[in-house]
Amino acid sequence: MPSNATSSSAPTVIVLASGRGERFVASGGNGSKLKALLLNKPVLDHTLEAVRASGLPWHLEDAGHAGMGDSIAAGVRSTPNEVGWLILPADLPLIQAATLVQVAQALIDGAAAAQPVYQDQRGHPVGFGAASGPALAALSGPQGASPVLRALRDSGAVLDVPVQDAGILTEIDTLADLARAQARLL
């Protein structure tokens, strides 16, 4: 689990790379979607390039957990005492570093949670402030952080962050998704 996370004044990006990628294989993909080549480079490498370019601390959670909730919990527990976390699925290879910085800045400026929005659609990464740490660390199962986000949204504590980045929505779940991402990059 590579990481450059150390306690800092910026939130840590938790890159979720533990999934089984069953939909990718079902669509005819061969092996892990994160290792699938996108312009001659694995999908995961594209995502990590944006994370590194953001300058934010980060942690790659790739231990093969049972569900997304388990992965998030493990990532948060591996980076205790942080000022917050940006939860980023590793299958978003078109995400822009500037988007990561914008979501992080919303947390630094005091938002309890922040979510990027592109053309009226919410995407990833979702940012959570330090107060959400215990709830995130207790997650399990396939839902990911949606129960935590929903509770924060219901209380009016989520800041929607407008971005000019379709990459927040461009997940690679199937071979068709991979082809669309390749077309966008070309």
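To be clear, the structure that these remarks concern was listed above.
Residues numbered from 1 in each chain as written. Predicted model: local features only at pLDDT ≥ 70, side-chain atom pairs only at ≥ 80, totals over all residues. Heavy atoms only, no water.

Asks: How would you summarise the overall build of the protein if you had to cite specific residues and measurements?
Replies: In terms of helices and strands, the protein carries seven helices and nine strands. Against the 2.2 N^0.38 benchmark of 16 Å for 186 residues, the protein shows a C-alpha radius of gyration of 15 Å, consistent with a compact globule. Expressed as a percentage of its 186 residues, the buried residues of the protein come to 51%. Here the analysis covers contacts within the protein between residues at least 6 apart in sequence; of these, 75% occur between residues at least 24 apart. (Helix = DSSP H or I, 4+ residues; strand = E, 2+ residues; numbered from the N terminus. Rg over C-alpha atoms; globule rule 2.2 N^0.38 Å. Buried < 20%, exposed > 50% of the residue type's maximum accessible area, 1.4 Å probe, protein only. Contact = heavy atoms within 4.5 Å.)

Asks: Lay out the side chain of H59 in plain terms, naming residues and giving numbers.
Replies: Mapped onto the elements, H59 comes out in strand 4 (residues 58-61). By relative accessible area, H59 is classed as buried at 4%. One polar contact links H59 to E61, side chain to side chain, over a distance of 2.9 Å. (Polar contact = N/O pair within 3.5 Å; in protein donor to acceptor, adjacent residues only side chain to side chain.)

Asks: Lay out helix 3 (residues 68-78) with the relevant residues and their values.
Replies: Every buried residue belonging to helix 3 is among G69, S71, I72, A73, A74, G75 and V76, and all of these are buried. In this fold, the buried residues of helix 3 make contact with strand 1 (12-16), strand 4, strand 5 (84-89) and helix 5 (133-137).

Asks: Describe the nonpolar core, with residues and values.
Replies: If you look at the biggest cluster of nonpolar residues, it comprises 36 residues, and the most contacted ones within it are V13, V15, L44, L86 and L88. Counting residues per element, the ones that place at least two in this core are strand 1, helix 2 (43-54), strand 4, strand 5, helix 4 (97-108), strand 6 (113-118) and helix 7 (175-185). Those residues in contact with L88, other than ones at most four positions away along the chain, are V13, I14, V15, L16, T47, V51, I95, L100 and P125. Counting 17 residues, the second-largest nonpolar core is a separate cluster that includes I14, A73, F128 and V158. (Core = buried A, V, L, I, M, F, W, Y, C linked by side-chain atoms within 4.5 Å.)

Asks: Quick one: what's the story with the pattern of salt bridges, residue by residue and with numbers?
Replies: By the definition in use, this model includes seven salt bridges. A salt bridge links K33 to D91, with the nearest nitrogen and oxygen atoms 2.8 Å apart. With a gap of 58 residues between them, K33 in the loop between helix 1 (22-26) and strand 2 (37-38) and D91 in the loop between strand 5 and helix 4 connect regions that are remote in the sequence. Across this residue pair, the class does not change: K33 and D91 are buried. Note that E49 and K41 form a salt bridge whose closest N and O atoms lie 2.7 Å from each other. (Salt bridge = Lys/Arg side-chain N within 4 Å of Asp/Glu carboxyl O.)

Asks: Any details on the environment of L60? Residues and values, ideally.
Replies: Among the secondary structure elements, L60 is positioned in strand 4. Its relative accessible area of 5% is what places L60 among the buried residues. Residues L60 and L149, 89 residues apart in the sequence, show an inter-C-alpha distance of 21 Å.

Asks: Explain a nonpolar patch on the surface to me, using residue names and the numbers behind them.
Replies: Taken together, L39, L185 and L186 make up a surface patch of nonpolar side chains, about 290 Å² in accessible area. On the secondary structure map, L39 appears in the loop between strand 2 and strand 3 (41-42). (Patch = residues over 30% accessible without salt bridge, like charges linked within 9 Å, V, L, I, M, F, W, Y side chains within 5 Å. Areas by Shrake-Rupley, 256 points an atom, 1.4 Å probe, with all protein chains shown as cover.)

Asks: If you had to explain unusual backbone geometry to someone new, which residues and values would you point to?
Replies: With an omega dihedral of 10°, the bond running from H124 to P125 counts as a cis peptide bond. As for its placement among the helices and strands, P125 is situated in the loop between strand 7 (121-122) and strand 8 (126-129). Its identity is not glycine, yet L39 carries a phi of approximately 50°, on the positive side. Overall, the relative accessible area of 34% leaves L39 in the partly exposed class. Residues other than glycine seldom take positive phi values, yet D120 does so here, at roughly 65°. You can see D120 is positioned in the loop between strand 6 and strand 7. Here D120 falls in the exposed class, since its relative accessible area comes to 78%.

Asks: Tell me what's going on with helix 7, and back it up with residues and numbers.
Replies: All buried positions along helix 7 are accounted for by D177, L178 and A181. Seen end-on, helix 7 carries its buried residues on one side only, within an arc spanning 100°. Along helix 7, the residues that are exposed and aim more than 90 degrees away from the buried face are R180 and A183. Looking at the buried side of helix 7, the elements it contacts are helix 1, strand 2 and helix 2. (Arc of directions from axis to C-beta.)

Structural measurements only, silent on function.
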